[in-house]
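Structural description and commentary
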Amino acid sequence: MPSLAGFFFYMNYKIENIKQIIVTKPLKLDCGQTIKDFPIAYETYGKLNKEKNNAILIFHALSGDQFVSGTNPVTNKVGWWSTAVGPGKAVDTEKYFIICANVLGGCMGSFGPKNLNIEDNEPYGLKFPVITIRDMIRAQESLLEHFEIKKLLSVLGGSMGGMQLLQFCALYPDKTFSAVPIASTASHNAQQIALNELARQAIMADPLWNKGNYYKDKKIPKNGLAVARMAAHITYMSDKGLQERFGRKLQEKKDYEFTFDADFQIESYLRHQGNVFVDRFDANSYLYISRAMDYFDLSKQFKNGLVEAFQNHKTKFLIISFSSDWLYPTKNSKDIVIALNASGANVAFAEIKTDKGHDSFLVKELEFLETLKGFLDSNFEIFKNEK
Amino acid sequence: MKNEFKIIVNLLPVQSRVLDVGCGDGTLIEALIKQKSIDARGIELEENKVKQCISKGLSVIQGNAETELAQFPDKAFDFVVLSQTLQAFYQPVNVLNELLRIGKKVIISIPNFGYWRVRTSLLFFGKMPVTRSLPDSWYNTPNLHMCSIKDFYQFCDEKKIKMNKIIGVNNEKTSSINRINLEMKNLLSEVGIFLIS
């Protein structure tokens, strides 16, 4: 096993801020390679009760990390799901024990392309194996063993988090009482792959990307990664949401400047989103994780398609979609509902009416938060009495 | 809980699988789970009511029964319940066929247009009836295809749908309906509950 110090040689954060387990069990990846003795970073919120029946596992999305709530110790910004998770929030940390892991391939302490390869003592870069959503889930499963949790109260995840969640339920049907995939899909479609490809090409077109080999000189492909993030950000918002927030408003100026600087507020906003992203995210991780999303097609793992994935499952599902989400539209969620119904699974479904687009699950969308809270609280009561 | 729901709860056997179509705020589903340990699910069109159901821990999907029952396999449920909604569909016959496909048996209740108060409203006052079970005015009623107990009885007869049980409901009173007392019950019942297959 490579030394832990080695792992953090190229990291942009302090090791004391990151909790980790080392997964010693060999994991055979979908690509054929086997990995072992690799780190999975995680964070927890709240307290695990004596009965161990109040645990909720959250899966993060493409650009997320394990710092769900409170202050992210690396970026010093609020956790990415602070709107929903925290004391007294919809996912109440005074009541529930929350676990979130950084995905395999990520860049916040879990095994990823910027880790050192013991073979040549260089960061993996593109030598890192191509991973899948299923690999991510198999890698995270050790966390349940670590906390000695037999059955979770719930698993939650939006976007790519929802894909991980569906994969988790398909692999380990008895390990969670309930599940809430939000604004997600069971299969990445052509448009979703196309948008990810756009992001990857932006990164790879940056000369500093250097075929993934950029860690040593610390000249990272900032411009490419920023463009990737800008493009992605557009897909997270709705046409109406953008128009209402930015319209044609100009950025701290009275008139056009007849240059290519950011005249419009929307330009300035996107540039800002791109710039802050490159400080916290690794470009190669973006390639690997987005690739894993594209390979995700749960139906392909079962002979009889998606219906078979949930056959005889007792898990209580709540599927949530947002009316203005065009990246993972309601149709994607309904396909999951249809498959669950066809397999006789226990399923609830709600489409939340909102202008906030795909990002609705991350912002203060009351209808959504109330629905999520109602589902979790009522199911906690049912789960407690079941034991 | 309204009398109609109490009757439906009584009709359904314990631990069966039930789908409540147009389940509203989930009152019936809750009663079925609590009183009969029934595995009850629901489908409801209105977002707000779906939210209420989900907050009670009920498995209710938001959707339009007119178009979305196709997702359920044949005989997916022991019973499918449709409470006072059949008349509000664009194509009630199609919906009815779907209900009979996905449920081994179907319980349908209809607000009876043959009820004497309904008849007198039109006969003596020349106005569209507004009653307890038909509370809306002509301009805002969701009801498109009103029928009487007798109409639905004859419809089932013609379509060779088996009527296992018919119950007439008038306020707190209930009575069994058959071929012989049909005319009378059609006049005296506010709501008719049909168990068909």
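Details of the structure are given in the entry above.
Residues numbered from 1 in each chain as written. Chains lettered and ligands numbered in written order. Predicted model: local features only at pLDDT ≥ 70, side-chain atom pairs only at ≥ 80, totals over all residues. Heavy atoms only, no water.

1. Digging into the overall build of chain A
A count of helical and extended segments in chain A gives 12 helices and 14 strands. Scaling as 2.2 N^0.38, a compact globule of 387 residues should have a C-alpha radius of gyration of about 21 Å, and chain A matches this with 21 Å. Put simply, 70% of the contacts in chain A that link residues at least 6 apart link residues at least 24 apart. Roughly 16400 Å² of accessible area belongs to chain A as shown, and the carbon and sulfur atoms make up 53% of that amount. Averaging the coordinates of the 46 positive side-chain charges in chain A and doing the same for the 43 negative ones gives two points 3 Å apart. (Helix = DSSP H or I, 4+ residues; strand = E, 2+ residues; numbered from the N terminus. Rg over C-alpha atoms; globule rule 2.2 N^0.38 Å. Contact = heavy atoms within 4.5 Å. Areas by Shrake-Rupley, 256 points an atom, 1.4 Å probe, with all protein chains shown as cover. Lys, Arg positive; Asp, Glu negative; His and termini not counted. Charge placed at Lys NZ, Arg CZ, Asp CG, Glu CD.)

2. Side note on the overall build of chain B
The number of helices and strands found in chain B is 8 helices and 8 strands. The principal-axis extent of the C-alpha atoms belonging to chain B is close to 50 × 35 × 30 Å. When the 197 residues of chain B are sorted by exposure, 52% land in the buried category. Here the contacts in chain B between residues at least 6 apart in sequence split such that 66% fall between residues at least 24 apart. Carbon together with sulfur atoms contributes 53% to the accessible area of chain B, which is approximately 9500 Å² in total. Of the side-chain charges in chain B, 25 are positive and 20 negative, and the distance between the mean point of each set is 7 Å. (Buried < 20%, exposed > 50% of the residue type's maximum accessible area, 1.4 Å probe, protein only.)

3. Observations concerning the packing of helix α12 (residues 366–386) of chain A against helix α3 (residues 47–55) of chain B
Remark: α12(A) packs on α3(B), axes separated minimally by 7 Å, with the N-to-C direction vectors making an angle of 30°. In this view, α12(A) runs roughly parallel relative to α3(B), as classed from their interaxial angle. Residues Glu367(A), Glu370(A), Thr371(A), Gly374(A), Phe375(A) and Ser378(A) of α12(A) pack against Glu47(B), Lys51(B), Ile54(B) and Ser55(B) of α3(B). (Axes fitted to C-alpha atoms, helices over the stretch in contact; angles between N-to-C directions. Parallel < 35°, antiparallel > 145°, perpendicular 65-115°, else oblique.)

4. Here we look at the pairing of strand β12 (residues 176–182) of chain A
The two faces of the sheet receive side chains in turn, since in a regular strand these alternate between them. Residue and element names in this part refer to chain A. Summarising burial for β12: 7 of the 7 residues are buried, a large majority. Here strand β11 (residues 152–158) pairs with β12 via 6 bridges, running parallel. Paired with Ser154 across the bridge in β12 is Ser178. Handedness of the β-α-β unit built from β11, helix α4 (residues 160–171) and β12 comes out right-handed. (Pairing = 2+ DSSP bridges. Right-handed = clockwise from strand over helix to strand, strands pointing away.)

5. Re the pattern of salt bridges
Applying the stated criterion to the full structure yields 35 salt bridges over all chains. Glu4(B) is the salt-bridge partner of Lys2(B), the closest N and O atoms lying 3.7 Å from each other. Given a relative accessible area of 42%, Lys2(B) falls into the partly exposed group. Accessibility expressed as a relative area gives 4% for Glu4(B), which makes it buried. Here Arg41(B) ties to Asp39(B) by a salt bridge, and the two come within 3.0 Å at their closest N and O atoms. Connected through shared salt-bridge partners, Glu197(A), Arg200(A), Arg291(A) and Asp294(A) make up one network. (Salt bridge = Lys/Arg side-chain N within 4 Å of Asp/Glu carboxyl O.)

6. Focus: unusual backbone geometry
Comment: phi is negative for the bulk of residues other than glycine, and the bulk of peptide bonds are trans. The backbone of Ala183(A) sits at a positive phi, close to 45°, despite the residue not being glycine. Along the chain, Ala183(A) falls in the loop between β12 and α5 (190–205). For Asn171(B), which is not glycine, the phi dihedral falls at a positive 55°. For Asn171(B), the position within the fold is in the loop between β6 (163–170) and β7 (173–176). Judged by relative accessible area, which is 42%, Asn171(B) ranks as partly exposed.

7. Considerations on the interface of chain A and chain B
Taken together, the contact pairs 25 residues of chain A with 18 residues of chain B. Between chain A and chain B, a total of about 1700 Å² is buried, with carbon and sulfur atoms accounting for 44% of that surface. Applying the counting criterion to the chain A and chain B interface returns 4 salt bridges. Among the salt bridges present, the one from Lys353(A) reaches Glu47(B), with a minimum N-O distance of 3.4 Å. Counting across the chain A and chain B interface gives 12 residue pairs in polar contact (both at pLDDT 80 or more). The set of elements that each furnish at least two residues to the side of chain A that touches chain B consists of β13 (316–322), α11 (330–342), β14 (346–352) and α12 of chain A. By residue number, the principal contributor to the side of chain A that touches chain B is α12(A), which donates 8 residues. Class assignment of the residues belonging to the side of chain A that touches chain B gives a composition of 12 nonpolar, 7 polar and 6 charged. (Buried area = accessible area lost by both parts, 1.4 Å probe. Polar contact = N/O pair within 3.5 Å; in protein donor to acceptor, adjacent residues only side chain to side chain. Nonpolar A, V, L, I, M, F, W, Y, C, P; charged D, E, K, R; others polar.)

Worth remembering: the numbers are spatial, not functional.
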